[in-house]
Amino acid sequence: MSEARPRTIDEQTRVATHETESDQERTQNACPECGGALHTDEEHGETVCEECGLVVEENSIDHGPEWRAFNPQEKDEKSRVGAPTTKLMHDKGLSSVIDWQDKDAYGNALSSKQRQKMQRLRTWDERFRTRDHKERNLKQALGEIERMGSALGLAENVRETASVIYRRALEEDLLPGRSIEGVASAAIYAAARQAGTPRRIDRVVNASRIDEMEFKRTYRYIVRELGLEIEPADPESYVGRFASELDLSDEAERRARELLETGKDQLVHVGKSPVGLAAAAVYAAPLLCNETITQAEVSEVTDISEVTIRNRYQELLDAAEQPRPA
DNA sequence: ATGGTTTTTACTGCGTC
DNA sequence: GACGCGGTAAAAACCAT
């Protein structure tokens, strides 16, 4: 009956990605990333996704240069550590080593000279502690990012951005209360999105050892606190995939994109699911081209309810009617 | 926890092939 | 009569507060 489709963050946040759909099982003839149709190039012996251009090796085991992990830039980044920054978090560990009380071992008050000395000691002790702690943390996280990045077949520059994101999170003390793994995977996911090669959430979650709930929470948190600008997915990025799955004519596909363009001009898309918009366009376009298509079909391949398709495509058509609105 | 928004589910009537 | 379509109401899912 109703398959309990896990909703992705994107659908709700309107910060959408290429995935979200039920493209779970079609790994054979579809692009693992965007689900687009694959085109096999015999000459070069590689398989390329027609939609997103991703090159998929026939037996997609080894995704290239995972082994040359760090380039000079990343190495450089790695060796740097965040500034000492706030002391909010570490005073506990500190006070257990150097007592905060200005007393000596017998409980006698210290001289003012001694107090100053102790104060300096505390300061430095804390600096080293936070440094060590963060460095360790970072090291482990970078390892995770590398690992997940490889597992997800992400390009090196994506892993770099991911590590930068993670570093920022670390420097802003966003880590306490979150798992390294969670933040790392959130960074990976965000980086992949920013690089325009998004990975499906469930894949990211799979590559890590956290559950989806935690991932979502963490991802949201990171994006918010870091003010990361993740653009909502362009609905157009879906039409290619949908179009080929629905065997639309080129003409229809072109019209679908047109509809989305005009729709975007009229801000039809704000607050709405990009996938829903794309589905609506993919439904409306063939009709305009006198091709037959049913809402049920579109709903089937897009995983968007017919009701939503109806609502959206009316809006799209309205937007197309009046090129110059209020 | 609560409220607000979007999407989905379920059900309806209407027209057409 | 089945099918596709449009509309509605209730509910679920989600986010933000």
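The structure this text deals with has already been given above.
Here the residue numbers are simple positions, counted from 1 along each chain's written sequence. Whichever chain is written first becomes A and whichever ligand is written first becomes 1, with later ones labelled in order. Totals for whole chains, interfaces and linings use all residues, but because this is a predicted model, local features are given only for residues with pLDDT of at least 70 and pairs of side-chain atoms are given and counted only at 80 or more.

Peer 1: Residues and numbers for the environment of Ala162, please.
Peer 2: As for its position among the elements, Ala162 is in helix α5 (residues 156-171). In this scheme every C-beta is placed from the backbone, and a residue whose C-beta has 20 or more other C-beta atoms within 10 Å is buried, one with 12 or fewer is exposed, and one in between is partly exposed. Assessed through the 29 C-beta atoms surrounding it within 10 Å, Ala162 is described here as buried. Not counting residues up to four positions away in its chain, the partners in contact with Ala162 are Ile145, Gly149, Ala187, Ile188 and Ala191. Runs of E in the DSSP output that reach at least two residues are strands. Runs of H or I that reach at least four are helices, and both are numbered from the N terminus. Residue pairs qualify as contacts under a 7 Å threshold applied to their C-beta atoms, which are placed from the backbone.

Peer 1: Give a description of the packing of helix α9 (residues 236-246) against helix α10 (residues 250-265) that names residues and reports values.
Peer 2: Packed helices, taken two at a time, are described by their axes: the angle between them and the distance between them. In the contact formed by α9 and α10, the axes pass within 10 Å of each other and the chain directions differ by 160°. When the interaxial angle is binned, α9 and α10 end up roughly antiparallel. As for the relative orientation of α9 and α10, their crossing is right-handed in sense. Across the interface between the two elements, Glu236, Val239 and Ala243 of α9 pack against Glu253, Ala256, Arg257 and Leu260 of α10. Among the residues making up the contact of α9 with α10, the classes are represented as four nonpolar, no polar and three charged. Working convention: axes come from line fits to C-alpha atoms, limited for helices to the stretch in contact. Angles between N-to-C directions cover 0 to 180 degrees. In these notes the angle categories are as follows: under 35 degrees is roughly parallel, over 145 is roughly antiparallel, 65 to 115 is roughly perpendicular, and the rest is oblique. Less than a right angle of anticlockwise turn of the near helix away from the far helix marks a crossing as left-handed, whereas a clockwise turn marks it as right-handed. Three classes are used, and their members are as follows: Ala, Val, Leu, Ile, Met, Phe, Trp, Tyr, Cys and Pro are nonpolar, Asp, Glu, Lys and Arg are charged, and the others, Gly among them, are polar.

Peer 1: Explain helix α6 (residues 180-194) to me, and be specific about the residues and the numbers.
Peer 2: For α6, built from 15 residues, the straight-helix expectation of 21 Å at 1.5 Å per residue is met to within 8% by its first-to-last C-alpha distance of 21 Å. The buried fraction of α6 is high, at twelve of 15 residues. When α6 is considered as a whole, its buried residues turn out to be Gly182, Val183, Ala184, Ser185, Ala186, Ala187, Ile188, Tyr189, Ala190, Ala191, Ala192 and Arg193. In the core, the buried residues of α6 are packed alongside α4 (112-151), α5, α7 (201-207) and α8 (212-226). A helix's residues, less one, multiplied by 1.5 Å, set its expected span.

Peer 1: Any details on the environment of Leu226? Residues and values, ideally.
Peer 2: Secondary-structure assignment places Leu226 in helix α8. For Leu226, a count of 18 C-beta atoms within 10 Å puts it in the partly exposed group. Considered as a pair, Leu226 and Ile165 are 61 residues apart in the sequence and their alpha carbons are 8.3 Å apart. Each residue touching Leu226, except ones within four places of it in the same chain, is listed here: Ile165, Arg168, Ala169 and Glu172.

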